[in-house]
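# Working through the structure, step by step
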Number of protein chains: 2
Amino acid sequence: MIKVTLIGSGNVAQHLLSAFNKSTAVELVQVFSRRNESVSHLIPVEKITTDLDSLAEADVYIIAVLDDAIATVASRLPFKNRLVVHTSGSASMQSLNDNNRKGVFYPLQTFTKGKEVDFKTIPICIESQFNDDYNVLKKVADTISDKVFTINSEQRRSLHVSAVFVNNFVNHLYSIGNAICDDRQVPFEILQPLIRETADKILTLTPNEAQTGPAKRNDRTTIESHLDFLSDENHKNIYKLLTQSIQDNGKKL
Amino acid sequence: MIKVTLIGSGNVAQHLLSAFNKSTAVELVQVFSRRNESVSHLIPVEKITTDLDSLAEADVYIIAVLDDAIATVASRLPFKNRLVVHTSGSASMQSLNDNNRKGVFYPLQTFTKGKEVDFKTIPICIESQFNDDYNVLKKVADTISDKVFTINSEQRRSLHVSAVFVNNFVNHLYSIGNAICDDRQVPFEILQPLIRETADKILTLTPNEAQTGPAKRNDRTTIESHLDFLSDENHKNIYKLLTQSIQDNGKKL
């Protein structure tokens, strides 16, 4: 059994905790939480500590806290030369303290509090300063996910920026679609099967292959009529910029 | 049995044809196709005509052709006072010829040639000039789909513009995400579970509730680091505009 200690009690920490609870290869030794209550429904209270100085010995310490707090937490750990990893998509491995051996254990998914996820399908991107530690992280990752990738800090940054486009920005386009429907009392649910199919399509086609619509086929009449229809200046600007981008992209292919 | 004649042999026509073939409430009387071959795998060849003048009698004529061709096809129909509908999201009902009773039968989905779809889950938006015809269209729609909506031409236009945002533009953001990954040899498939979850999330939350990310929480450090990371000017501009739009939208809520 690999002994794991989890530092943090937020969204990611709680989802990891649930996943480790089900694993037969990982022993969850301890969870550090500033407030006992936030994880007491997931782990026996004697395994929770609110004091970094009383952390028990473990094979891996997983810091799952907000990006801004990683360096501070890492610098306060009261031991040396142990394996300490963070779970962030955007923080570099170097943001960890030099006192310990560094690594990253980044589950790439959008976690919603209280919504159960199937961890088996969640990609985990791992990175480590030393080869031996890589094997430990790989074992821990393999026990909760079927999709483990070796990703260095630079690549992880690409993934994180890319995730902003395909998650945050995509969701914002859903918001705009919703607002346009609301304007004319059209139920937004009519668009849900289309939204689902748009996401599913790129399981079998590349996004470039899957591209359709007036921008792609340079249908000026429809584009003009849509711009004419949109009353919100911001929606118009987004429509124009993305239409232009689809057309420029088409020329490059 | 309601007698239906299909005019057209493209993507939408073929998917409708397959759906009607399975229906016990609709009798597919005839298909008009300029080229026999395109639908001969879906219907007995004696039911295919290449001549508008030899169209047999039916309860509904469904014109499933490109938007630009709807008016021309409708004006060439050799009969009067029958129910003629088109399947377009953007053409108004009025683009049909006054010789016949008008209607719209718009299945809202992105159809890929050769990829089977479950029509039961595809919303069909119907509209008609006369009440009696509405009932006929409703029966035809109900026999192939569980999601039939009454949508007028103005509302249908909202849906069509909204669909450009949630389908065409969303897919383009997938393309950008893919390009960013390719740049650093990161497999884009790592992002697929996130893409899927982003789409699934809004089955239970509104898009505004589901919004996360650096723009939403006004995390300037991450936003600046992402802009710094992006080398493509166009990607930078899209990042800036959508970040601003998420922040402005947050202020309105």
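## Overview of the side chain of A:Q109
By the secondary structure assignment, A:Q109 is in the loop between β6 (101-107) and β7 (124-128). There is a polar contact of 3.4 Å between the side chain of A:Q109 and the backbone oxygen of B:P193. Other than its neighbours up to four places away in sequence, A:Q109 contacts A:I122, B:P193, B:L194 and B:E197.

## A look at the sheet that holds strand β1 (residues 2-7) of chain A
Strands in a sheet are paired, the pairing made by backbone hydrogen bonds, and the direction either parallel or antiparallel. Residue and element names in this part refer to chain A. The strand order across the open sheet built from eight strands is β3-β2-β1-β4-β5-β6-β7-β8, with neighbouring strands paired in mixed fashion. In this open sheet, the two strands that pair with only one neighbour each are β3 (48-49) and β8 (148-150). Bridge count between β1 and strand β4 (residues 60-63): four bridges; the pairing is parallel. The residue bridging T5 from the neighbouring strand is Y61, located in β4. On the sheet, helix α3 (residues 131-144) packs against β1, β2 (26-32), β4, β5 (83-86), β6, β7 and β8 and is oriented at approximately 165° with respect to β7.

## Points about the packing of helix α7 (residues 220-229) of chain A against helix α8 (residues 233-252) of chain A
Residues and elements named next belong to chain A. As a packed pair, α7 and α8 sit with axes 10 Å apart at the nearest point and diverge in direction by 160°. The angle between α7 and α8 places the two elements in the roughly antiparallel class. As for the relative orientation of α7 and α8, their crossing is right-handed in sense. Contacts between α7 and α8 involve R220, T222, I223, H226, L227 and D228 on the former and, on the latter, K236, Y239, K240, T243 and Q247. Across the contact of α7 with α8, the residue classes tally to three nonpolar, four polar and four charged.

## Description of the interface of chain B and chain A
With 83 residues of chain B at the interface, the matching set in chain A holds 83 residues. Summed over both partners, the interface of chain B with chain A buries about 8200 Å², with 65% contributed by carbon and sulfur atoms. If you sort the residues of chain B by the area they bury against chain A, B:F165, B:F169 and B:I190 come out on top, with a joint share of 8%. Counting the contacts that link chain B with chain A gives four salt bridges.

## Topic: the sheet that holds strand β8 (residues 148-150) of chain B
Residues and elements named next belong to chain B. The strand order across the open sheet built from eight strands is β3-β2-β1-β4-β5-β6-β7-β8, with neighbouring strands paired in mixed fashion. Here the strands that pair on one side only, and so sit at the sheet edges, are β3 (48-49) and β8. Of the pairings in the sheet, the one linking strand β1 (residues 2-7) to strand β2 (residues 26-32) comprises six bridges and is parallel in character. Looking at β2, one finds that L6 is bridged to V31. Here helix α3 (residues 131-144) sits on the sheet in contact with β1, β2, β4 (60-63), β5 (83-86), β6 (101-107), β7 (124-128) and β8, set at roughly 165° to β7.

## Notes on the packing of helix α4 (residues 153-183) of chain A against helix α5 (residues 192-201) of chain B
Axis separation between α4(A) and α5(B) bottoms out at 10 Å; the angle between their running directions is 15°. The angle between α4(A) and α5(B) places the two elements in the roughly parallel class. For α4(A) against α5(B), the interelement crossing comes out right-handed. When α4(A) is examined against α5(B), the residues A:A163, A:V166, A:N167, A:V170, A:N171 and A:Y174 are found in contact with a partner set consisting of B:L194, B:I195, B:T198 and B:A199. The residue makeup of the contact of α4(A) with α5(B), split by class, is seven nonpolar, three polar and no charged.

## A short note on the domain arrangement of chain A
All names here are of chain A. What the domain assignment lists for chain A is domain 1 (2-151) and domain 2 (156-252). Between domain 1 and domain 2 the total buried area reaches about 690 Å² when both faces are included, carbon and sulfur atoms providing 60% of it. If you look at where domain 1 meets domain 2, you find one salt bridge. Where domain 1 meets domain 2, there are three residue pairs in polar contact (both at pLDDT 80 or more). Only β6 and β7 provide two or more residues apiece to the side of domain 1 that touches domain 2.

## What about the relation of the copies chain B and chain A?
Mapping chain B onto chain A calls for a rotation angle of 180° and an axial translation of 0.0 Å; the resulting RMSD is 0.0 Å. In short, the pair behaves as if placed about a two-fold rotation axis. Across chain B, the rotation axis passes nearest the C-alpha of B:V170, at a separation of 2.7 Å. Residue by residue, 100% of the interface of chain B is reproduced at the interface of chain A, so both copies engage with the same surface.

## Some remarks on the state of the cysteines
Applying the stated criterion to the full structure yields zero disulfides over all chains. A:C125 forms no disulfide, and the closest cysteine sulfur to it belongs to B:C181, at a distance of 9.7 Å.

## A closer look at the nonpolar core
Counting 76 residues, the largest nonpolar core has A:F165, A:L173, A:Y174, A:L191, B:F165, B:L173 and B:Y174 as the members making the most contacts within it. Contact partners of B:Y174, with chain neighbours within four places excluded, come to A:V166, A:V170, A:Y174, A:T198, A:A199, A:I202, A:P207, B:F188 and B:I195. In terms of nonpolar packing, the next biggest core, distinct from the first, is built from 32 residues, A:L16, A:L17, A:V26 and A:V39 among them.

Parameters at a glance
- Residues numbered from 1 in each chain as written.
- Chains lettered and ligands numbered in written order.
- Predicted model: local features only at pLDDT ≥ 70, side-chain atom pairs only at ≥ 80, totals over all residues.
- Heavy atoms only, no water.
- Helix = DSSP H or I, 4+ residues; strand = E, 2+ residues; numbered from the N terminus.
- Polar contact = N/O pair within 3.5 Å; in protein donor to acceptor, adjacent residues only side chain to side chain.
- Contact = heavy atoms within 4.5 Å.
- Pairing = 2+ DSSP bridges.
- Axes fitted to C-alpha atoms, helices over the stretch in contact; angles between N-to-C directions.
- Parallel < 35°, antiparallel > 145°, perpendicular 65-115°, else oblique.
- Left-handed = near helix turned anticlockwise from the far one by under 90°.
- Nonpolar A, V, L, I, M, F, W, Y, C, P; charged D, E, K, R; others polar.
- Buried area = accessible area lost by both parts, 1.4 Å probe.
- Salt bridge = Lys/Arg side-chain N within 4 Å of Asp/Glu carboxyl O.
- Domains from an automatic or database assignment.
- Least-squares fit on C-alpha atoms with pLDDT ≥ 70 in both.
- Disulfide = S-S within 2.5 Å.
- Core = buried A, V, L, I, M, F, W, Y, C linked by side-chain atoms within 4.5 Å.
- Buried < 20%, exposed > 50% of the residue type's maximum accessible area, 1.4 Å probe, protein only.

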